[in-house]
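The chain contents come next:
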Amino acid sequence: MQIFGVDIGGSGIKGAPVDLDRGDLAEERYKVLTPHPATPDAVADGVKEVVGHFGWTGPVGITFPGVVTGGATIRTAANVDKSWIDTDARALLGDRLGGLPVTLLNDADAAGVAEMQFGAGRDRQGTVILLTFGTGIGSAVFTDGVLVSNTELGHLELNGHDAEKHASTKAKDDHELSWEHWAHRVQKYLAHVEMLFSPELFIIGGGVSRKSHKFLPLIEGIKAEMVPAQLQNNAGIVGAAMRAAKAA
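Residues numbered from 1 in each chain as written. Predicted model: local features only at pLDDT ≥ 70, side-chain atom pairs only at ≥ 80, totals over all residues. Heavy atoms only, no water.

The five strands lie next to each other as 11-10-9-14-15, forming an open sheet whose pairing is mixed. Here the strands that pair on one side only, and so sit at the sheet edges, are strand 11 (146–148) and strand 15 (225–228). Direction aside, the axes of adjacent strands within the sheet are offset by 25° on average. The strands touched by helix 6 (residues 179–197) are strand 9 (127–133), strand 10 (137–143), strand 14 (201–205) and strand 15; relative to strand 9, the strand with the most contacts, the crossing angle is about 150°. (Pairing = 2+ DSSP bridges. Helix = DSSP H or I, 4+ residues; strand = E, 2+ residues; numbered from the N terminus. Axes fitted to C-alpha atoms, helices over the stretch in contact; angles between N-to-C directions. Contact = heavy atoms within 4.5 Å.)

This is the structure:
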């Protein structure tokens, strides 16, 4: 069975049909740059281009980099235009896609759902936290496999600032940090999250997960097991498709 997944991020909008039996992309993903400013209309055009590239005509699962309530309404927009707030994104995107059935969820929640089913969190009980490092820091928290939606732990306060301003991949790039310096920042962030939630497992996702060997071994003092996301930066696409299949 195949369902289409789209992952809207602060820097790119990417998507592909997903093979839900394998938990992997059925075709090579297609990506467009996130427009700036990333307004609802401009981003919807990007989503339409990604879906249209494949001539897809069935249900579509879409992630959003912020809080999504009721599977439709956007409540936060830290890394896209603030005009998203209070937008009925499911209606907007469904209309832009010509009436295709749209399922919407937080981007890190989607990545977490995929990792728990097909990746590093498979068959893991207890508290598991997936963290996606990219333009910001996304989070997905699971207790015995059950998702606690919209946790947004990237906005915990760290050194008087939003944690994602200090420890995201964007912060690493903007400040030209070495892997060692950035790993120290991530370590402080993980220690803070661990103090609050005491997880058994941290899954480190986002685009930087494919370079986990450059920074994970440098992180010390964390009691929880730390592993890179197995689906890497495709996890959001897979999770979005999984949620759309569930709703279909």
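Moving on, there is more to tell.
Attention shifts here to a nonpolar patch on the surface. Taken together, M195, L196 and F197 make up a surface patch of nonpolar side chains, about 290 Å² in accessible area. In this structure, F197 sits in helix 6. A residue is classified by how much of its surface remains accessible, and F197, at 32% relative accessible area, is partly exposed. (Patch = residues over 30% accessible without salt bridge, like charges linked within 9 Å, V, L, I, M, F, W, Y side chains within 5 Å. Areas by Shrake-Rupley, 256 points an atom, 1.4 Å probe, with all protein chains shown as cover. Salt bridge = Lys/Arg side-chain N within 4 Å of Asp/Glu carboxyl O. Buried < 20%, exposed > 50% of the residue type's maximum accessible area, 1.4 Å probe, protein only.)

Time to look at a positive patch on the surface. Residues K31, R210, K211 and K214 make up a contiguous surface patch of positive charge. If you trace the backbone, K214 turns up in the loop between strand 14 and strand 15. (Lys, Arg positive; Asp, Glu negative; His and termini not counted. Charge placed at Lys NZ, Arg CZ, Asp CG, Glu CD.)

This part covers unusual backbone geometry. Here the amide bond leading from H36 into P37 is cis, since omega sits at 0°, within 30 degrees of zero. Looking at the element boundaries, P37 is found in the loop between strand 4 (30–33) and helix 1 (40–53). One non-glycine residue, E152, adopts positive backbone phi at about 55°. On the secondary structure map, E152 appears in the loop between strand 11 and strand 12 (157–158). Judged by relative accessible area, which is 17%, E152 ranks as buried. Of note in the backbone geometry, N159 takes a positive phi value of approximately 55° without being a glycine.

To continue, consider the packing of aromatic side chains. For the structure shown, the criterion picks out eight aromatic pairs. Relative to W56, the ring of F4 has its centre 5.7 Å away and its plane inclined at 45°; by these criteria the two rings are tilted. With F4 in strand 1 (residues 2–8) and W56 in the loop between helix 1 and strand 5 (60–64), this residue pair connects regions lying 52 residues apart in the sequence. Neither residue differs from the other here; F4 and W56 are each classed as buried. Positioned over the ring face of W179 is K172, at 4.3 Å from the centre of the ring. (Phe/Tyr/Trp six-rings, centres within 6.5 Å; stacked < 30°, edge-to-face > 60°. Lys NZ or Arg CZ within 6 Å of the ring centre and 35° of its normal.)

Charged atoms that come close allow side chains of opposite charge to pair. This structure, assessed with the given rule, holds eight salt bridges. The partner of D19 in a salt bridge is R22, with the nearest N and O atoms 3.1 Å apart. Note on R22: relative accessible area 47%, which makes it partly exposed. Salt-bridge contacts for D45 lead to R96; the nearest nitrogen and oxygen are separated by 2.6 Å. Taken together, the positions of D45 in helix 1 and R96 in helix 2 (residues 89–96) put the pair 51 residues apart, joining distant regions of the chain. Look at D45 and you get partly exposed, because its relative accessible area is 43%. In the salt-bridge network here, residues are joined through shared partners; they are D19, R22 and D24.

With their axes 7 Å apart at the nearest point, helix 3 (residues 107–118) and helix 7 (residues 235–247) run at an angle of 85° to one another. Here helix 7 runs roughly perpendicular to helix 3, going by the angle between their axes. For the pair helix 3 and helix 7, the contacting residues are A110, A111, V113, A114, E115, Q117 and F118 in the first and A235, G236, V238, G239, A240, M242 and R243 in the second. Considering only residue class, the contact of helix 3 with helix 7 consists of nine nonpolar, three polar and two charged. (Parallel < 35°, antiparallel > 145°, perpendicular 65-115°, else oblique. Nonpolar A, V, L, I, M, F, W, Y, C, P; charged D, E, K, R; others polar.)

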